[in-house]
Each structure stands twice: as structure tokens, then as C-alpha cells.
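Single-letter residue listing:
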Amino acid sequence: MKKRKDSVLECIAFSPSPLTTNQVAEALNMQRTNVSSCLNDLVSEGKVQKTNGHPTLYSLQKASDAFSELVGFDGSLSKVVKLAKAAVLSKVPGFTILITGEAGSGKTVFSEKIHAFATRSGAMAKDARYARLNCRDGQNAPEICEKEAEEIASGASGGTLAIDNAGLIPMSNLRNVLEVLQGGPYLLICIRSTDNASQEDIEELTGRFTMRIDMPSIEERPLSERYRIERRFFNMNAGGIK
């Protein structure tokens, strides 16, 4: 059964705006005194922040919300962010996530933010590992990925294991990789581009995972977000120019 404090944290995390104690109590159908106690604990743990005004408002500690570092986290990405938060805060053993989307939609970065949110929110240990199996390494010899899957699984316990560029190896090999990795003591994420992907493959993968998160393409995002993404990309690359 989900702990009372976890339910309060979920309520705060999913809200687009700060909440009062009464609002949380009403949303969760809990006694105000119990909610107040949970909120005080969460503030002490650094997971939730509060205002000093009246009424007191509570929101997720900014340092905990890794998703707020993404352009469009409260815009075009708000839906996928809520799904990811639900997955992390559910703390369901064996939970798995399939992230799909076109090339350049930010799938890999989003998987990294899922892990960061998990460690900062307390859903995972702060030092939990983000392990990455890059199928690009086995593009010409897919059996390499099967071997690496066995090796990497042993070191990802309690953390996140991401299968990146899953579409670069044949589906038969990917099935073998999943047979090795699914059910392990970690959050398993599979990152699959929808470019040149068959509907049958995507449907099969969707059926193998607890949740599917489909990232919006760059073209689907507002111009204001696309401009900010381009500026951020330019600034990052300009910093490396000597």
C-alpha cells in the first residue's frame, strides 16, 4: 500500500501550481492534520518548499524537479512530464518505460531527467546509477548488445537502466536483450525512434512495457520553445569553439 507521505508528494508534484494544506487534503480525501504532518516532513527532507505568506503554499522543491530544466516542461512537454513523474513516484517494482518519438525529439535527455527526478525526489537513492546500453555499438554486430545486457544488468541494481537507440538492432535481437533485462531490480527504460519503425514493432514494444511515453516532435512544439531550444543548442556549441 502506498504510504500517506508518498501520496502527498505525488499530489504536490502533479499540480501545475502551489497548493495549500486544505487543497491537498481535499484532493486526497485525507484529514488536514495528517496532510500537515506529511508536508512538514517533506519540507524537512528538502523535497517540498513552502512560502511564508498566508495561506502557506507548497510546491515541489525546484532542486528536486529535474524536469524543470527542460524547455517546455510546463508547455508542450507537460503531459509527458506528468506521466514520467507518475511512473517514478509510484515506486512499483519492475516498472518499465518505453520512450518513443522522432529523431531529435529529446528522448535520451528525457530518460536522463527521469533518473535525475527519481534520485532528487527520494524515489531512488541519491547515488543510484544511470546505466546505458547503447545499441549503436551493436549496429553491425547486434549480438554484442545481448552480451553487454548481461554485463550491465549486474551493476544497475536500484538505479535506472536505459536501452538507447533500440531501433538500430533487429527486433529479434532486441527481444533477446529484453528477455535478459526485464524484471530486474531497476527502472528499465527503452528508447526507440519512430523513424522508419514499423507499426508492428512499436505495438509489440508497447505491449512489453508498463508505460509508453511518446515525445512530441520539434515541428509539433511551439515556435517559442523551438527558438529557446535552438538558442540553448547554439550556446552549448559556441562554448566549445576556441
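Our subject is the structure that appears above.
Just so it is clear, the model here is predicted, and its values are computed rather than measured.

Calculation criteria
- Residues numbered from 1 in each chain as written.
- Predicted model: local features only at pLDDT ≥ 70, side-chain atom pairs only at ≥ 80, totals over all residues.
- Heavy atoms only, no water.
- Phe/Tyr/Trp six-rings, centres within 6.5 Å; stacked < 30°, edge-to-face > 60°.
- Helix = DSSP H or I, 4+ residues; strand = E, 2+ residues; numbered from the N terminus.
- Buried < 20%, exposed > 50% of the residue type's maximum accessible area, 1.4 Å probe, protein only.
- Expected span 1.5 Å × (residues − 1).
- Core = buried A, V, L, I, M, F, W, Y, C linked by side-chain atoms within 4.5 Å.
- Contact = heavy atoms within 4.5 Å.
- Salt bridge = Lys/Arg side-chain N within 4 Å of Asp/Glu carboxyl O.
- 1 Å grid on protein atoms, 1.4 Å probe; cavity = no way out; pocket = protein on both sides within 12 Å on 5 of 7 lines; lining within 4 Å.
- Points joined across faces, edges and corners; volume = space filled by probe spheres on them.
- Nonpolar A, V, L, I, M, F, W, Y, C, P; charged D, E, K, R; others polar.

Student: Mind showing me how you'd approach the packing of aromatic side chains here?
Tutor: We describe a pair of aromatic rings using the distance from one ring centre to the other and the angle between the two ring planes. The full count for this structure, using the stated rule, is two aromatic pairs. When the ring of F67 is compared with that of F117, the centres are 5.4 Å apart and the planes differ by 40°; the resulting orientation is tilted. Placement of the pair is F67 in the loop between strand 2 (58–60) and helix 4 (78–90) and F117 in helix 5 (residues 107–121), with a sequence separation of 50 residues. Comparing F67 with F117, the two get one shared label, buried.

Student: Could you clarify how one ought to interpret helix 4 in this entry?
Tutor: The end-to-end C-alpha separation of helix 4 is 18 Å, in line with the 18 Å expected for 13 residues at 1.5 Å each. Inspection of helix 4 places V80, V81, A84, K85, A87, V88 and L89 among the buried residues, and these make up the whole buried set. Just downstream of helix 4 lies K91, where phi reads positive at about 55°.

Student: What should I look at first to understand the nonpolar core in this one?
Tutor: Generally speaking, soluble globular proteins have nonpolar side chains that are buried together. Core analysis: the biggest nonpolar cluster contains 43 residues, and I12, F67, I97, F110, I114, I189 and I213 have the highest contact counts within it. Here this core gets six residues from one element, more than from any other, and that element is helix 4. When residues no more than four places from it in sequence are discounted, the contact partners of F67 are F73, V81, A84, K85, F110, K113, I114 and F117.

Student: I tried to follow the pattern of salt bridges on my own but got confused; where do I start?
Tutor: Note on pairing: side chains with opposite charge can pair once their charged atoms come close. As enumerated under the stated definition, the model contains 11 salt bridges in all. D164 is the partner of R132 in a salt bridge, and the nearest nitrogen-oxygen pair spans 2.7 Å. Separated by 32 residues along the polypeptide, R132 in strand 4 (residues 130–134) and D164 in strand 5 (residues 160–164) bring together distant segments of the chain. Salt bridges sharing partners connect three or more residues here, namely R175, E179, E204 and R208.

Student: Before we go on, may I ask you to explain the layout of surface pockets in this structure?
Tutor: To find leftover empty space, one rolls a probe the size of a water molecule over the atoms. Its boundaries defined by the atoms lining it, the largest pocket holds a volume of some 770 Å³. Around the largest pocket sit 30 residues that line it, and G104, S105, G106, K107 and V109 are the ones nearest its centre. Taken together, the elements giving at least two residues each to the lining of the largest pocket come down to helix 5, strand 6 (187–193) and helix 9 (223–238). For the lining of the largest pocket, the element with the most residues is helix 5, which contributes five residues. Class assignment of the residues belonging to the lining of the largest pocket gives a composition of 14 nonpolar, eight polar and eight charged. Counted as a void, the second largest pocket has a volume near 460 Å³.

Spatial relationships are all this shows, so hold off on functional conclusions.
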